[in-house]
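One letter stands for each residue in the lines below.
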Amino acid sequence: MRNPRKFAYTIITTILITLIALLFLFPLVWMIASSLKPEAQIYNNMDNIKAFLPSFHINQWGTAYQSLLARFNILGFIINSLIYAFGVTAGSIIVNSLAGYGFSKFTFKGQKFVFGLLIATLVIPGETIIIQKFQIVKLLGIINTPWAVIFPSIAAPFYIYMFKNFFDAISSDVIESAEMEGAGTFTIYWKIMMPMAKPAMATVGTLSFIGSWNDYIWPLMVLTDSNKFPLQVAITNINSTAPVYMNQVMAILTISTIPLIIVYLFFQRYLVQGLGVAGNGDK
Amino acid sequence: MNNILAKRNNQAWWYIFPALLLLALFLFIPALLSIYYSLTNYYMLAPQDRQFIGLLNYINLLKDPVFWTSVKNIGQFVLFVMPIQVGTALGLALIVNRKRPWNTFFKVSFFAPVVVSLAVTSVLWLYILNPDQGLLNNLLVKLGLHAQPLLTSPKQAMFAIIGLSAWQGAGYQMLIFLAGLQNIPTELYEAARIDGASKWERFLHITLPLLKPTSLMILTTTFIDAFKLIIQPMVMTQGGPLNSTITPVYYIYRTGFTDRQLGYASAMSVIYGFAIILFTLIQRKITGAGGDQNA
């Protein structure tokens, strides 16, 4: 070692930082490990290092998952979550890109006013008006249907703004030459604008998927039939349906986190483009 | 030619219409409804008895001890979660911004809680913080410390929620800080080093000032988001014990949805909604983000 002092410093800081990293990891490691062992072992191991290790018998790993699947319609909840999340994602990409296109590539009377109004709605805190939103959904007669979960989450001023910005950067020459060749406005949107806006689509898509997958309060309000629950609502339901087995709860927590891990792994760079926008907890 | 152009431009409304319709239904109209309902005694189960009662809901609200408790609780939450979460995020960003062995492992570890949803976080921590059989108390006892009541103690419950909220969100803000740190030109540090500035001086005179816009943005968005706290207390404590974790948004939900007092809940929505809008406008002013910038 050329510089023993520096070497010692690196070792000490690395150990310290590893401890901090473990502080962030331990709940998740504990969650997964606990889902991979029989109920009794969780309580027996709680005060030693084995708490963070799965059962030593690999054939016991599936026990909690098997009983969970036998007791609850987990596959159904997963399918519900996927339907809602993909519905919101597809709707969000289409509706918001259409509006972004409308604001970007057309000039019309009242354009500035309508766009200003849209931007102004960004300040309305949606969390405070859920009760009145619920009234609207009730009035529309779509309570306890997938539409009640999907429709209210589709349009978002911020995503419209994002698409508009992206379309603004596409030169008008492209559009004019397409028009010369007789392409209608929708053809231009579908064949020229959207293929060029793939990064914006990916960003909006990723953010809406995660937002919808994680949504808890709204589906809880508008769905009365537990067969229609998405995973997030099912979790708390399972956690309060007696008898509650801790290893099964940990299994459902793990199951509902896996799709998010996949999304983060594949779409992380699109998420960074939306950074600082979605805020902290509620992504 | 002008006619063709006008005809083309009129098509714009077709593209904007779906978004406008959805926003009107689920944002504009609910916001307007909340103002209208707030002036009535609307009870969800007896809509035919709805009467205009003026400002009575607002007057009752000002005299409602639970509302003021919820305001006090959210004040406590914001006051503590801000420095803890943002400070942690900055510390983590500084850690992973330096080249060191296992850097990717650290970055992934710090970010890992972000991947978990709030519902999952809340249920998971329910088991970690459980007073009798929870993981944390088992570890505390093992270390020779006293077990803590945490979620069942009116004094500790909010702090438990503050802790897990910071744990969950810090990794996300770490990424934003990291982006800010990586925008600082390295030449500045080298020049300062040549001038004999110590590590601490370099942090104080280069890193902090250049990180100011990022920090302001993170601080203000955290501040506003913190006011919307609901899922953690809803899942973990149902606002208890003794209303010590009830928050305004949760109280609105409970009054309007569980108790079906739509008029009263609407008055609360209006007051609290305007408070958040006010904070948001102040935030825009501070961070210099105009209306046509981002949210």
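Residues numbered from 1 in each chain as written. Chains lettered and ligands numbered in written order. Predicted model: local features only at pLDDT ≥ 70, side-chain atom pairs only at ≥ 80, totals over all residues. Heavy atoms only, no water.

Per an unreviewed UniProt entry, chain B carries the name Multiple sugar ABC membrane-spanning permease protein and comes from Oenococcus kitaharae DSM 17330. Here is the UniProt Sequence similarities (unreviewed entry) comment for chain B, exactly as written: "Belongs to the binding-protein-dependent transport system permease family." (UniProt positions renumbered as here; feature names shortened; annotations may be inferred.)

An unreviewed UniProt entry annotates chain A as Multiple sugar ABC membrane-spanning permease protein originating from Oenococcus kitaharae DSM 17330. Here is the UniProt Subcellular location (unreviewed entry) comment for chain A, exactly as written: "Cell membrane". Entered under Sequence similarities (unreviewed entry) in the UniProt record, the comment concerning chain A runs "Belongs to the binding-protein-dependent transport system permease family."

Could you clarify how one ought to interpret the side chain of B:Ser269 in this entry?
Checked against the element boundaries, B:Ser269 lands in helix H14 (residues 262-287). Setting aside residues up to four positions removed in sequence, B:Ser269 forms contacts with A:Thr128, A:Gln132, B:Ser34, B:Ile252 and B:Phe274. (Helix = DSSP H or I, 4+ residues; strand = E, 2+ residues; numbered from the N terminus. Contact = heavy atoms within 4.5 Å.)

I would appreciate a short explanation of the interface of chain A and chain B in the present structure.
Taken together, the contacts link 95 residues of chain A with 95 residues of chain B. Taken over both partners, the interface formed by chain A and chain B buries close to 8,500 Å², and the fraction arising from carbon and sulfur atoms is 76%. Viewed at the interface, chain B and chain A are joined by one salt bridge. A:Glu127 is paired through a salt bridge with B:Lys228; the nearest N and O atoms lie 4.0 Å apart. Between the two partners, chain A and chain B, sit eleven residue pairs in polar contact (both at pLDDT 80 or more). The element best represented in the side of chain A that touches chain B is helix H1 (residues 4-35) of chain A, accounting for 15 residues. (Buried area = accessible area lost by both parts, 1.4 Å probe. Salt bridge = Lys/Arg side-chain N within 4 Å of Asp/Glu carboxyl O. Polar contact = N/O pair within 3.5 Å; in protein donor to acceptor, adjacent residues only side chain to side chain.)

What am I meant to see in the UniProt feature "transmembrane region" (unreviewed entry) in chain A here?
All names here are of chain A. UniProt's feature table lists "transmembrane region" (unreviewed entry) at residues 7-33, 74-101, 113-131, 137-161, 200-218 and 249-267, given in the numbering used throughout. This span, residues 7-33, is 100% helix and 0% strand, and a straight line between its end C-alpha atoms measures 35 Å. In residues 137-161, helix accounts for 52% and strand for 0%; the two terminal C-alpha atoms are 26 Å from one another.

Please clarify how the UniProt feature "transmembrane region" (unreviewed entry) in chain B should be interpreted in this entry.
Residue and element names in this part refer to chain B. The feature "transmembrane region" (unreviewed entry), as given by UniProt, occupies residues 12-37, 74-96, 108-128, 157-181, 202-224 and 262-282 in the numbering adopted here. Regarding residues 157-181, the helix share stands at 100% and the strand share at 0%, and the terminal C-alpha atoms are separated by 35 Å. When the span residues 202-224 is considered, its composition is 96% helix and 0% strand, and the gap between its end C-alpha atoms is 31 Å.

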